[in-house]
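# Chain and residue survey
So you can see what is in the structure, the chains are spelled out below.
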Amino acid sequence: MTTVQAVALCVVALAGGAVVLVPDPLRQVFVLGVFGLSLTFLFFAFQAPDVALSEIVVSALALPLIVLAALRKIHQHERESEQEREER
Amino acid sequence: MSRRVRLGLFLLAGPGLAAVLVLGFRGLPAFGDYHGVYGRIVDNFALSARHATDFVTALNFDIRAFDTLGEEYILFAAAAGVALVLRGLREEGEGPHPAPPQQHGFAGASDALRSLALLLPPLLVGLGGYVVLHGALTPGGGFQGGVVLAAGPLGALVTGRYLAFKRIAPHSAVEALEALGAWAYAMLGLGGLVFASRYLQNYLPLGIPTHLLSGGFMPLNSIAVGLEVSGAFLLVWTEFLDQALISGRGDRS
(Lines give C-alpha, C1' and ligand atoms only; values in the text may rest on other atoms or scores of the structure.)
Protein backbone atom coordinates (compact mmCIF):
# COMPACT_ATOMS: atom_id res chain seq x y z
CA MET A 1 0.00 0.00 0.00
CA THR A 2 1.42 3.39 -0.93
CA THR A 3 1.36 6.43 1.34
CA VAL A 4 -1.22 8.13 -0.86
CA GLN A 5 -3.56 5.15 -0.51
CA ALA A 6 -3.10 5.03 3.27
CA VAL A 7 -3.81 8.76 3.55
CA ALA A 8 -6.89 8.41 1.34
CA LEU A 9 -8.24 5.59 3.51
CA CYS A 10 -7.73 7.63 6.69
CA VAL A 11 -9.38 10.72 5.18
CA VAL A 12 -12.40 8.65 4.11
CA ALA A 13 -12.72 7.15 7.59
CA LEU A 14 -12.55 10.60 9.22
CA ALA A 15 -14.97 12.19 6.73
CA GLY A 16 -17.42 9.32 7.11
CA GLY A 17 -17.40 9.77 10.87
CA ALA A 18 -17.86 13.51 10.44
CA VAL A 19 -20.99 13.01 8.32
CA VAL A 20 -22.60 10.97 11.09
CA LEU A 21 -21.64 13.41 13.83
CA VAL A 22 -23.18 16.53 12.24
CA PRO A 23 -26.59 17.01 13.88
CA ASP A 24 -28.15 19.54 11.47
CA PRO A 25 -29.30 17.86 8.21
CA LEU A 26 -28.66 21.01 6.16
CA ARG A 27 -25.00 21.18 7.20
CA GLN A 28 -24.79 17.41 6.90
CA VAL A 29 -25.47 17.71 3.16
CA PHE A 30 -22.30 19.74 2.69
CA VAL A 31 -20.21 17.43 4.86
CA LEU A 32 -21.60 14.58 2.77
CA GLY A 33 -20.32 16.35 -0.34
CA VAL A 34 -16.85 16.61 1.20
CA PHE A 35 -17.04 12.92 2.13
CA GLY A 36 -17.86 12.14 -1.49
CA LEU A 37 -14.84 14.12 -2.65
CA SER A 38 -12.62 12.15 -0.28
CA LEU A 39 -14.10 8.94 -1.72
CA THR A 40 -13.25 10.23 -5.19
CA PHE A 41 -9.68 10.75 -4.04
CA LEU A 42 -9.66 7.21 -2.62
CA PHE A 43 -10.87 5.64 -5.87
CA PHE A 44 -8.29 7.62 -7.78
CA ALA A 45 -5.52 6.52 -5.41
CA PHE A 46 -6.57 2.90 -5.92
CA GLN A 47 -6.34 3.29 -9.70
CA ALA A 48 -10.03 3.29 -10.47
CA PRO A 49 -10.41 6.59 -12.36
CA ASP A 50 -13.63 5.39 -14.01
CA VAL A 51 -15.35 5.03 -10.66
CA ALA A 52 -13.81 8.27 -9.40
CA LEU A 53 -15.32 10.17 -12.33
CA SER A 54 -18.84 8.97 -11.54
CA GLU A 55 -18.41 9.44 -7.81
CA ILE A 56 -17.32 13.07 -8.09
CA VAL A 57 -20.52 14.13 -9.87
CA VAL A 58 -22.89 11.85 -7.98
CA SER A 59 -21.60 12.77 -4.53
CA ALA A 60 -20.90 16.45 -5.11
CA LEU A 61 -24.00 17.23 -7.11
CA ALA A 62 -26.66 14.58 -7.65
CA LEU A 63 -27.13 13.40 -4.08
CA PRO A 64 -26.86 16.79 -2.28
CA LEU A 65 -29.33 18.35 -4.68
CA ILE A 66 -31.94 15.66 -4.05
CA VAL A 67 -31.45 15.86 -0.27
CA LEU A 68 -31.64 19.67 -0.35
CA ALA A 69 -34.87 19.54 -2.35
CA ALA A 70 -36.33 17.04 0.11
CA LEU A 71 -35.29 19.21 3.09
CA ARG A 72 -36.90 22.29 1.54
CA LYS A 73 -40.09 20.34 0.96
CA ILE A 74 -40.15 19.19 4.59
CA HIS A 75 -39.68 22.79 5.82
CA GLN A 76 -42.54 23.93 3.54
CA HIS A 77 -44.74 21.21 4.94
CA GLU A 78 -43.94 22.17 8.53
CA ARG A 79 -44.62 25.84 7.83
CA GLU A 80 -47.96 25.07 6.18
CA SER A 81 -49.17 22.85 8.99
CA GLU A 82 -48.15 25.54 11.49
CA GLN A 83 -50.19 28.13 9.59
CA GLU A 84 -53.18 25.83 9.53
CA ARG A 85 -52.93 25.36 13.28
CA GLU A 86 -52.82 29.14 13.79
CA GLU A 87 -55.84 29.68 11.59
CA ARG A 88 -57.91 27.30 13.68
CA MET B 1 -32.43 0.80 29.67
CA SER B 2 -30.51 3.49 31.48
CA ARG B 3 -27.35 5.06 30.12
CA ARG B 4 -25.21 3.25 32.66
CA VAL B 5 -26.56 -0.19 31.80
CA ARG B 6 -26.08 0.47 28.11
CA LEU B 7 -22.50 1.62 28.70
CA GLY B 8 -21.81 -1.49 30.79
CA LEU B 9 -23.22 -3.71 28.07
CA PHE B 10 -21.04 -1.98 25.51
CA LEU B 11 -17.91 -2.33 27.66
CA LEU B 12 -18.69 -6.04 27.91
CA ALA B 13 -19.49 -6.62 24.23
CA GLY B 14 -17.11 -4.10 22.63
CA PRO B 15 -13.80 -5.89 23.35
CA GLY B 16 -15.32 -9.21 22.26
CA LEU B 17 -16.40 -7.73 18.94
CA ALA B 18 -12.98 -6.11 18.50
CA ALA B 19 -11.24 -9.42 19.18
CA VAL B 20 -13.39 -11.28 16.65
CA LEU B 21 -12.82 -8.53 14.08
CA VAL B 22 -9.04 -8.65 14.54
CA LEU B 23 -9.10 -12.45 14.21
CA GLY B 24 -11.18 -12.14 11.07
CA PHE B 25 -8.94 -9.49 9.50
CA ARG B 26 -5.86 -11.61 10.16
CA GLY B 27 -7.30 -14.28 7.89
CA LEU B 28 -7.79 -11.89 4.98
CA PRO B 29 -5.56 -12.16 1.90
CA ALA B 30 -2.71 -9.63 1.77
CA PHE B 31 -3.32 -6.12 0.42
CA GLY B 32 -3.48 -6.11 -3.38
CA ASP B 33 -3.49 -9.91 -3.53
CA TYR B 34 -5.45 -10.82 -6.64
CA HIS B 35 -6.21 -14.33 -7.84
CA GLY B 36 -9.03 -13.61 -10.29
CA VAL B 37 -8.62 -15.28 -13.64
CA TYR B 38 -11.19 -13.23 -15.49
CA GLY B 39 -9.42 -9.93 -14.89
CA ARG B 40 -6.13 -11.19 -16.27
CA ILE B 41 -7.84 -12.63 -19.35
CA VAL B 42 -9.55 -9.31 -20.04
CA ASP B 43 -6.25 -7.48 -19.52
CA ASN B 44 -4.62 -9.56 -22.25
CA PHE B 45 -7.62 -9.55 -24.51
CA ALA B 46 -9.22 -6.10 -24.55
CA LEU B 47 -6.53 -4.30 -26.54
CA SER B 48 -5.74 -7.02 -29.07
CA ALA B 49 -9.25 -8.32 -29.69
CA ARG B 50 -11.36 -5.21 -29.05
CA HIS B 51 -8.97 -2.34 -29.88
CA ALA B 52 -9.91 -0.42 -26.74
CA THR B 53 -7.34 1.15 -24.44
CA ASP B 54 -9.73 1.62 -21.51
CA PHE B 55 -10.54 -1.89 -20.40
CA VAL B 56 -13.37 -0.83 -18.12
CA THR B 57 -15.24 0.53 -21.12
CA ALA B 58 -14.36 -2.52 -23.16
CA LEU B 59 -15.90 -4.62 -20.42
CA ASN B 60 -18.98 -2.42 -20.00
CA PHE B 61 -19.84 -1.81 -23.62
CA ASP B 62 -18.60 -4.89 -25.44
CA ILE B 63 -17.46 -7.95 -23.52
CA ARG B 64 -20.26 -7.76 -20.97
CA ALA B 65 -22.55 -5.37 -22.82
CA PHE B 66 -25.56 -7.44 -21.81
CA ASP B 67 -24.98 -6.57 -18.13
CA THR B 68 -24.96 -2.92 -19.11
CA LEU B 69 -28.34 -3.40 -20.77
CA GLY B 70 -29.68 -4.52 -17.40
CA GLU B 71 -28.03 -1.66 -15.53
CA GLU B 72 -29.35 0.86 -18.01
CA TYR B 73 -32.90 -0.38 -17.66
CA ILE B 74 -32.65 -0.41 -13.88
CA LEU B 75 -31.83 3.30 -14.04
CA PHE B 76 -34.60 3.85 -16.60
CA ALA B 77 -37.16 2.11 -14.40
CA ALA B 78 -35.97 3.94 -11.28
CA ALA B 79 -36.23 7.37 -12.90
CA ALA B 80 -39.62 6.54 -14.39
CA GLY B 81 -40.76 5.33 -10.95
CA VAL B 82 -39.69 8.57 -9.27
CA ALA B 83 -41.54 10.59 -11.90
CA LEU B 84 -44.63 8.42 -11.53
CA VAL B 85 -44.76 8.62 -7.73
CA LEU B 86 -44.05 12.35 -7.49
CA ARG B 87 -46.58 13.23 -10.18
CA GLY B 88 -49.14 11.08 -8.43
CA LEU B 89 -48.49 13.03 -5.22
CA ARG B 90 -49.15 16.26 -7.08
CA GLU B 91 -52.42 14.79 -8.39
CA GLU B 92 -51.30 15.41 -11.91
CA GLY B 93 -51.75 13.31 -15.02
CA GLU B 94 -49.62 13.19 -18.07
CA GLY B 95 -50.16 16.87 -18.75
CA PRO B 96 -47.56 19.62 -18.73
CA HIS B 97 -46.15 20.94 -15.50
CA PRO B 98 -47.93 23.91 -13.93
CA ALA B 99 -46.46 27.32 -14.63
CA PRO B 100 -44.70 28.66 -11.54
CA PRO B 101 -45.96 31.98 -10.16
CA GLN B 102 -42.63 33.77 -10.12
CA GLN B 103 -38.98 33.38 -10.91
CA HIS B 104 -37.32 31.64 -8.00
CA GLY B 105 -34.08 33.60 -8.15
CA PHE B 106 -32.49 34.80 -4.97
CA ALA B 107 -31.86 38.50 -5.07
CA GLY B 108 -28.41 38.35 -3.54
CA ALA B 109 -26.77 36.68 -6.53
CA SER B 110 -23.65 38.66 -7.38
CA ASP B 111 -22.42 39.42 -10.88
CA ALA B 112 -19.61 36.91 -10.44
CA LEU B 113 -22.13 34.19 -9.57
CA ARG B 114 -24.30 35.16 -12.52
CA SER B 115 -21.41 34.89 -14.96
CA LEU B 116 -20.48 31.56 -13.41
CA ALA B 117 -24.03 30.35 -14.06
CA LEU B 118 -23.60 31.45 -17.67
CA LEU B 119 -20.20 29.76 -18.03
CA LEU B 120 -20.79 26.47 -16.26
CA PRO B 121 -23.44 24.83 -18.49
CA PRO B 122 -21.51 24.93 -21.79
CA LEU B 123 -18.26 23.91 -20.09
CA LEU B 124 -19.86 20.97 -18.30
CA VAL B 125 -21.74 19.82 -21.39
CA GLY B 126 -18.51 19.99 -23.39
CA LEU B 127 -16.64 17.98 -20.78
CA GLY B 128 -19.47 15.45 -20.56
CA GLY B 129 -19.50 14.99 -24.32
CA TYR B 130 -15.74 14.49 -24.29
CA VAL B 131 -15.94 11.88 -21.54
CA VAL B 132 -18.74 10.01 -23.34
CA LEU B 133 -16.98 9.99 -26.73
CA HIS B 134 -13.54 9.00 -25.40
CA GLY B 135 -14.85 6.09 -23.34
CA ALA B 136 -12.92 3.49 -25.28
CA LEU B 137 -9.66 5.45 -25.05
CA THR B 138 -9.41 7.05 -21.61
CA PRO B 139 -11.23 6.57 -18.31
CA GLY B 140 -14.84 7.52 -18.76
CA GLY B 141 -17.70 6.35 -20.91
CA GLY B 142 -21.44 6.58 -21.05
CA PHE B 143 -22.22 6.41 -17.35
CA GLN B 144 -19.61 8.89 -16.16
CA GLY B 145 -20.04 11.25 -19.09
CA GLY B 146 -23.82 11.07 -18.84
CA VAL B 147 -23.76 12.32 -15.26
CA VAL B 148 -21.42 15.17 -16.23
CA LEU B 149 -23.72 16.03 -19.15
CA ALA B 150 -26.70 16.14 -16.83
CA ALA B 151 -24.78 18.44 -14.48
CA GLY B 152 -24.49 21.02 -17.27
CA PRO B 153 -27.98 22.55 -17.07
CA LEU B 154 -27.69 22.49 -13.28
CA GLY B 155 -24.99 25.13 -13.59
CA ALA B 156 -27.81 27.62 -14.18
CA LEU B 157 -29.12 26.76 -10.70
CA VAL B 158 -26.17 28.31 -8.81
CA THR B 159 -28.01 31.64 -8.91
CA GLY B 160 -31.24 29.95 -7.88
CA ARG B 161 -32.86 30.54 -11.26
CA TYR B 162 -34.85 27.35 -11.57
CA LEU B 163 -36.74 28.62 -14.61
CA ALA B 164 -33.45 29.13 -16.46
CA PHE B 165 -32.65 25.50 -15.68
CA LYS B 166 -36.01 24.44 -17.06
CA ARG B 167 -35.46 26.52 -20.17
CA ILE B 168 -32.13 24.78 -20.87
CA ALA B 169 -33.55 21.34 -20.08
CA PRO B 170 -37.29 21.38 -20.85
CA HIS B 171 -39.26 18.56 -19.32
CA SER B 172 -40.40 16.99 -22.58
CA ALA B 173 -36.85 17.06 -23.98
CA VAL B 174 -35.50 15.38 -20.84
CA GLU B 175 -38.08 12.61 -21.07
CA ALA B 176 -37.37 12.15 -24.78
CA LEU B 177 -33.61 12.03 -24.10
CA GLU B 178 -33.99 9.29 -21.52
CA ALA B 179 -36.28 7.18 -23.67
CA LEU B 180 -34.11 7.70 -26.74
CA GLY B 181 -30.98 6.53 -24.90
CA ALA B 182 -32.66 3.38 -23.58
CA TRP B 183 -34.17 2.62 -26.98
CA ALA B 184 -30.90 3.24 -28.83
CA TYR B 185 -28.95 0.80 -26.66
CA ALA B 186 -31.50 -1.96 -27.16
CA MET B 187 -31.48 -1.27 -30.92
CA LEU B 188 -27.66 -1.41 -31.07
CA GLY B 189 -27.96 -4.82 -29.44
CA LEU B 190 -30.52 -5.88 -32.04
CA GLY B 191 -28.03 -4.80 -34.69
CA GLY B 192 -25.72 -7.46 -33.30
CA LEU B 193 -28.50 -10.02 -33.73
CA VAL B 194 -28.91 -9.00 -37.37
CA PHE B 195 -25.29 -8.49 -38.49
CA ALA B 196 -23.32 -10.77 -36.15
CA SER B 197 -26.00 -13.34 -35.26
CA ARG B 198 -25.68 -12.61 -31.52
CA TYR B 199 -27.38 -9.99 -29.37
CA LEU B 200 -24.99 -7.14 -28.46
CA GLN B 201 -22.17 -8.68 -30.46
CA ASN B 202 -19.87 -6.18 -32.16
CA TYR B 203 -20.61 -5.77 -35.88
CA LEU B 204 -18.64 -2.64 -36.75
CA PRO B 205 -15.00 -2.41 -37.89
CA LEU B 206 -12.69 -2.25 -34.87
CA GLY B 207 -10.56 0.61 -36.21
CA ILE B 208 -7.05 1.52 -35.10
CA PRO B 209 -6.43 1.47 -31.33
CA THR B 210 -6.14 4.95 -29.72
CA HIS B 211 -8.12 6.52 -32.57
CA LEU B 212 -11.40 8.20 -31.68
CA LEU B 213 -13.41 5.80 -33.83
CA SER B 214 -12.04 2.54 -32.49
CA GLY B 215 -13.40 -0.32 -30.46
CA GLY B 216 -16.19 -1.23 -32.89
CA PHE B 217 -19.62 -0.24 -31.59
CA MET B 218 -18.30 0.81 -28.16
CA PRO B 219 -18.53 4.57 -28.90
CA LEU B 220 -22.13 4.15 -30.09
CA ASN B 221 -23.10 2.16 -27.01
CA SER B 222 -21.36 4.78 -24.90
CA ILE B 223 -23.37 7.58 -26.53
CA ALA B 224 -26.64 5.68 -26.04
CA VAL B 225 -25.91 5.08 -22.36
CA GLY B 226 -24.72 8.66 -21.95
CA LEU B 227 -28.03 10.02 -23.29
CA GLU B 228 -30.01 7.65 -21.08
CA VAL B 229 -28.06 8.47 -17.93
CA SER B 230 -28.16 12.23 -18.43
CA GLY B 231 -31.88 12.04 -19.23
CA ALA B 232 -32.59 9.93 -16.16
CA PHE B 233 -30.66 12.24 -13.81
CA LEU B 234 -32.25 15.37 -15.26
CA LEU B 235 -35.70 13.79 -14.98
CA VAL B 236 -35.21 12.89 -11.32
CA TRP B 237 -33.81 16.33 -10.52
CA THR B 238 -36.64 18.07 -12.35
CA GLU B 239 -39.26 16.07 -10.46
CA PHE B 240 -37.61 16.70 -7.08
CA LEU B 241 -37.06 20.40 -7.73
CA ASP B 242 -40.62 20.79 -9.03
CA GLN B 243 -41.79 19.38 -5.72
CA ALA B 244 -39.52 21.60 -3.66
CA LEU B 245 -39.71 24.87 -5.59
CA ILE B 246 -42.99 25.00 -7.48
CA SER B 247 -45.79 22.84 -6.14
CA GLY B 248 -47.07 23.09 -2.59
CA ARG B 249 -46.81 26.90 -2.61
CA GLY B 250 -49.87 27.23 -0.44
CA ASP B 251 -52.73 27.42 -3.00
CA ARG B 252 -53.34 23.73 -2.93
CA SER B 253 -55.90 23.55 -0.14
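Definitions and limits used
Residues numbered from 1 in each chain as written. Chains lettered and ligands numbered in written order. Predicted model: local features only at pLDDT ≥ 70, side-chain atom pairs only at ≥ 80, totals over all residues. Helix = DSSP H or I, 4+ residues; strand = E, 2+ residues; numbered from the N terminus. Rg over C-alpha atoms; globule rule 2.2 N^0.38 Å. Core = buried A, V, L, I, M, F, W, Y, C linked by C-beta atoms within 7 Å. Buried ≥ 20, exposed ≤ 12 C-beta atoms within 10 Å, placed from the backbone. Contact = placed C-beta atoms within 7 Å. Nonpolar A, V, L, I, M, F, W, Y, C, P; charged D, E, K, R; others polar. pLDDT = per-residue confidence, 0-100. Expected span 1.5 Å × (residues − 1).

Within chain A, the secondary structure is distributed over 3 helices and 0 strands. Helices and strands in chain A line up, N terminus first, as α-α-α. Relative to the compact-globule value of 12 Å for 88 residues, chain A shows a C-alpha radius of gyration of 18 Å, a clear excess of over 25%. Counting only C-alpha atoms, chain A reaches 65 × 25 × 10 Å along its principal axes.

This part covers the nonpolar core. Formed by 59 residues in total, the largest nonpolar core has its most connected members in Val147, Ala151, Ala232, Phe233 and Trp237 of chain B. Every element with two or more residues in this core is listed here: helix H3 (49–87) of chain A together with helix H3 (55–63), helix H4 (65–89), helix H5 (111–133), helix H6 (142–154), helix H7 (162–168), helix H8 (171–195) and helix H9 (218–246) of chain B. No other element matches H9 of chain B, which puts 16 residues into this core.

A few words on the interface of chain B and chain A. On the chain A side, the residues contacting the 20 residues of chain B number 16 residues. Mapped onto the side of chain B that touches chain A, the elements with two or more residues apiece are H6 and H9 of chain B. Grouping the amino acids of the side of chain B that touches chain A by side-chain chemistry returns 14 nonpolar, 6 polar and no charged.

Residue and element names in this part refer to chain B. Looking at chain B, the pLDDT average stands at 85 and 90% of residues meet or exceed 70. Confidence scores differ between elements of chain B, with H7 showing the lowest mean pLDDT of 82 and helix H1 (residues 3–26) the highest of 93. pLDDT under 50 marks residues 249–253. Its contacts with residues more than four places away, or in other chains, come to 2 contacts.

Taking 1.5 Å of rise per residue, the 29 residues of H9 of chain B would be expected to cover 42 Å, and the 40 Å separating its terminal C-alpha atoms lies within 8% of that figure. By the criterion of burial, H9 of chain B is predominantly enclosed, with 26 of the 29 residues buried.

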